[in-house]
Structure formats: structure tokens, C-alpha cells
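Structural overview for review
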Amino acid sequence: MKILHLDTNHPLLLTQLQELGFENHEEYNADKTTIQAKIHEYDGIIIRSRFAIDQEFLDAAVKLKFIGRVGAGLENIDTSYAESKNILLFNAPEGNRNAVGEHTLGMLLSLFNKINKADREVRQGHWRREQNRGFELDGLTVSIIGYGNMGRSFARKLRGFDVEVLCYDIKEDIEDSNATQVTLEELFEKTDVLSLHTPQTPETIGMINQDFIQQFAKPFWLLNTARGKNVITKDLIEALKSTKILGAGLDVLEYENTSFEKLFTNPSEMPEAFKTLLTMDNIILSPHVAGWTVESKERLAQTIVNKIKKNFVLS
């Protein structure tokens, strides 16, 4: 069986798949059209987020038996069409859930203690203690929307704090010893900190908008290490200005495609809301790296190998 690798990953992917009897081919630079012209030769694809796997591409992949996505989400793949063609889909949320949980907690503590702001000021020779007086997490209610691999990991990281942890999910009976499942109404009533751990779906795109934000009984802090399009940035800005949202930690942004670095190389394309975001001291930004650790790189690759091995045993 021949596998086409479309993104560079941890080398164990190539090594272990070869040991299992697969034939690896690497194609990291050709455009999608070029790859689509030869995809009919391959039984499997390994990809991160290089381009969308759509119906036209899948129709050309006449031998394809599986797609391995070295990451948590599958939104860059037309999953329903792939499944209709009996193509197995392997992703790896188990591989970077710990990294996401730690990153989310780090953002929260940095926000509360104004660490990023204080660091910038000290480097400029400013010693502003009172202006950088922080807040404590103990005694607050932290709410998690999306209680899958990532949400559960964040909840586990909160066990050392004296906080109430709530979770909301479209699935029923998902609570565990680390979080209590509640209705949206109860979440709106109690939340001090809101952390998003939802996939990108038609239901979650634009979920955090003006109407949603105004339903919270108290001002709250927002964390998003999930998907950027789940939050409408201009509505977030208005909520920050009104102090309905006290601060935000954003590892992802609405403007991402595979990344949002083009916003800096082409300033004319930069949305006004993003320009405003960059000026705010109560915002922490990172470039979609919550699940991007040295350890998670290896675990993600190993998870994909294990799932392929489980489903395709070669003689």
C-alpha cells in the first residue's frame, strides 16, 4: 500500500509506517492540482492543514482507503463525502490534548496576573506595580464549552485550584469528576471564565457573538484555543470596550485560513477589528500553537501510526 505524505511531521511516521510494510512517498511542495493528478495511485494520505480535501479531490483518489490528519480537527476534509466512499478518517486529538490544556491554563494565569503587559513595561524601564496588580483564580467559576479531549484536559489542569468547573456540550452525560455538566442557562448565570474547546462546525462558526455574550450575568474572561471562526472578532472588541469581557486569551483568530501571518505581510488586508485587538493590553495572542509542543509533535504522529496499524495489518 502506498501512502502520500503532504506535510512534514515527526520522522517516526515515515519510519514506523515503512517498518509496517507501507511504501512512503513525500510531496511537500507541489500544488493541489499537481497532487490531484496523481492521487489515483495512492491508498493513503497523511496531511495536516495544507489544503482542503474536497469532493473533486476525493473523486480523483480512486484507490484511497484512508486519510490521516496529524491534528485534532477534520474541518479541512469533506468528511461525509469521504465516508460515503468508505474512506477511513484518522485524526489525533489524543496526541495534543495535554499541550492544549497546559497552554489554556498558561494564558489564563498570564491574563489574570498581567504577566505579558508587565514584562513589556519592565523591558522599557517602567516599574508599575499598582497598574499591574492581578487577580486570583480561586473562588471563581470556570466554564468549558466543548467537553471532549481538549476540554477535559483543561479541566484536569484546574484541579489544583479552588474553582467550580462547569461544562456544556451537545452530548449528554459527559461530566466527570473534574467538571459538572450544566445547561447553557446555568452557564450564563455562573461563569467568570469561559474557555472554548469546540470543533469548527456550522453550529459553532460565529457562536460567540454579541447576542451570546450579552446573555452572561457577569463580566467574564474568554479563552479560545479551539477554532478562530467560533468567535466574531468585532463583537469581542465591543464586549472588551464595554468590559462585558474583561480580557481574552486567543490562540486562534477568525481570520485564519491555514494561518493569519498574511495579515502582517499585507497590512492593507488587515481588518479594523484585528488592528484594534493588537492595541489592547488585556489581550494575549499566540499563533495557533496551543497544541504545538515538542512532546505533542511525537504523540500526534504516533497516534496516527497506531490507528493505521490497527486498521491495516499488512502481511
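Here's what I pulled together on the structure shown here. (Residues numbered from 1 in each chain as written. Predicted model: local features only at pLDDT ≥ 70, side-chain atom pairs only at ≥ 80, totals over all residues. Heavy atoms only, no water.)

Points about the side chain of Thr-225
- Take Thr-225: it is sitting in the loop between strand E10 (220–224) and helix H10 (233–241).
- Residue classification places Thr-225 among the buried positions, given a relative accessible area of 8%.
- A distance of 3.1 Å separates the side chain of Thr-225 from the side chain of Thr-104, its partner in a polar contact.
- Excluding its chain neighbours within four sequence positions, the residues that come into contact with Thr-225 are Val-100, His-103, Thr-104, Met-107, Leu-196, His-197, Asp-251, Val-252 and Ala-290. (Helix = DSSP H or I, 4+ residues; strand = E, 2+ residues; numbered from the N terminus. Buried < 20%, exposed > 50% of the residue type's maximum accessible area, 1.4 Å probe, protein only. Polar contact = N/O pair within 3.5 Å; in protein donor to acceptor, adjacent residues only side chain to side chain. Contact = heavy atoms within 4.5 Å.)

So, the pairing of strand E11 (residues 245–250)
- For E11, a buried count of five out of six residues is recorded, marking the element as mostly surrounded by other parts of the structure.
- Alignment of E10 against E11, held across five bridges, turns out to be parallel. Each bridged residue has a counterpart across the sheet, and for Leu-222 the counterpart in E11 is Ala-248.
- As a crossover connection, the stretch from E10 through H10 into E11 is right-handed.
- The sheet contact formed by E11 and strand E12 (residues 283–285) spans three bridges and is parallel. (Pairing = 2+ DSSP bridges. Right-handed = clockwise from strand over helix to strand, strands pointing away.)

The analysis is restricted to geometry; functional conclusions fall outside its scope.
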